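Secondary and tertiary structure notes
Listed below are the residues making up each chain.
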Amino acid sequence: MATIPLDHLPTPSHPAWRSDLILRARSGAEVEEHPEHLVVRTRANPTFHWGNLIILRRAPRAGEVDRWRGAFRAAFPEAEHESYGFDVAPAPDLMADLMVEWEAGGLELAADTLLTATRMTPGEAPPGVEVRPLAGEDDWRRRLEADLLDAGDTPGGQLFLRRRWAAEKALAEDALAAGTGAWWGAFADGDLLGSLGLFDVGGGEARYQQVYTRPDARRRGVASALVRAAGARALDAPGVQRLLIVAETEGPAIGLYRRCGLSDTAPVWAAAAQPANQERNAAES
């Protein structure tokens with residue numbers, strides 16, 4: 001099956017999967033089109049769970065788990081994880097049975113939440129904190145150091161994060177030069193306290209990526225300042241009318257996003273299985 005060029009990508013109907021596919025492709029992922037699904041493959045980072053996945057182009061049906069697991073194994077024969085996105089939500093009357101069925105197959109079927117905004121609520125950065133786009137090698141070195149704090153001493157985790165960082169750096173530098181987005185940082189006395197990406201994905205929309213706050217800087221308003229500053233800048237850009245972000249429905253970040261002016265818009269359904277000793281590396285944003 002041929003890889004689809006970036007300018008001919010299929011367009012999933014769900015804004016979250018559409019924007020995610022665009023950003024994955026801009027970061028070097030290959031996309032293969034099949035009659036009922038897409039295969040997204042990031043060869044440069046094969047352990048990136050949400051960069052190596054199958055996206056179903058229709059709602060899942062009863063009795064299909066083995067079929068889709070077979071399709072995943074055929075596409076990713078060496079993968080230790082499994083990741084599936086659903087462009088169309090499961091039918092409500094099948095939901096309970098589907099969750100039991102996918103769980104019996106070793107997969108968790110669940111929904112995150114897509115939030116959107118056309119304006120940001122007012123807010124200021126904490127005293128002494130400067131919020132600005134990352135610029136230059138020193139800024140990006142600090143971003144990598146912050147990422148690696150989360151990996152601990154796990155070699156696989158460090159390698160995954162280094163590879164993801166390289167792809168995000170290239171994406172952000174291209175976007176900054178083109179005026180279509182940036183990776184933002186919150187700095188205090190030269191230290192990077194938090195960061196996120198925000199990129200124009202076409203269709204009047206811009207998508208947040210990887211909202212992160214250093215553990216010792218949390219609950220100080222750093223993430224809120226980043227979300228607001230980047231969002232306000234994006235909405236001032238020509239052609240952007242709406243911001244998109246994806247958050248865990250029961251996670252700690254969703255309340256922060258709501259306070260910044262983002263509103264719950266739609267569930268984002270997916271299924272996944274991963275080794276018990278491997279870190280969760282989905283992009284919660």
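Described below are features of the structure shown in this document. Throughout this document, residue positions are counted from 1 along each chain, in the order its sequence is written. With the structure being a predicted model, the display of local features is reserved for residues of pLDDT at least 70 and the display and counting of side-chain atom pairs for 80 or more, all residues being used for whole-chain, interface and lining totals. The side-chain quantities take in all heavy atoms of the structure and omit both hydrogens and water.

Bringing the pattern of salt bridges into the picture now. Salt-bridge detection follows one rule: a side-chain nitrogen of Lys or Arg within 4 Å of a carboxyl oxygen of Asp or Glu. This model, assessed by the stated rule, comprises 23 salt bridges. Between Arg-18 and Glu-205 there is a salt bridge whose closest N-O contact spans 3.4 Å. Taken together, the residues span a long stretch of sequence, with Arg-18 in helix H1 (residues 15-26) and Glu-205 in strand S9 (residues 205-213) at a distance of 187 residues. Across this residue pair, the class does not change: Arg-18 and Glu-205 are buried. One salt bridge connects Arg-242 with Glu-205, and the closest N-O pair in it is separated by 2.6 Å. Residue Arg-242 is found in strand S10 (residues 242-247), and its partner Glu-205 is found in strand S9; the two are separated by 37 residues along the sequence. Each of Glu-36, Arg-58, Glu-64 and Arg-67 takes part in one network of salt bridges that share partners. The way it works is that DSSP assigns letters per residue, a run of H or I at least four long becomes a helix, a run of E at least two long becomes a strand, and they are numbered from the N terminus. Only protein chains enter the accessibility calculation, which uses a 1.4 Å probe. A residue is then buried if its area is under 20% of the maximum for its type, exposed if over 50%, and partly exposed in between.

Attention shifts here to unusual backbone geometry. Backbone geometry at Asp-189 places phi at a positive 55 degrees, although glycine is not the residue there. Here Asp-189 shows up in the loop between strand S7 (181-188) and strand S8 (191-202).

This next bit is on the sheet that holds strand S3 (residues 53-56). Following DSSP output, two strands are said to pair if at least two bridges run between them. Strand order across the open sheet formed by 11 strands is S1-S2-S3-S4-S11-S5-S10-S9-S8-S7-S6, with mixed pairing between neighbours. A single partner strand is all that each edge strand has here, and the edge strands are strand S1 (30-33) and strand S6 (130-133). Adjacent strand axes in the sheet meet at a mean angle of 25 degrees, parallel and antiparallel pairs treated alike. As defined by bridge partners, S1 adjoins strand S2 (residues 37-41) across 4 bridges and the pair is classed as antiparallel. Pairing of Val-31 across the sheet is with Val-40, part of S2. Sheet contacts for helix H6 (residues 222-236): S6, S7, S8, S9 and S10; angle to S8, the most-contacted strand, approximately 30 degrees. In this analysis an axis means a line fitted to C-alpha atoms, helices contributing only their contacting stretch, and an angle means the value between N-to-C directions, from 0 to 180 degrees. In this description, contact between two residues means that some pair of their heavy atoms is separated by no more than 4.5 Å.

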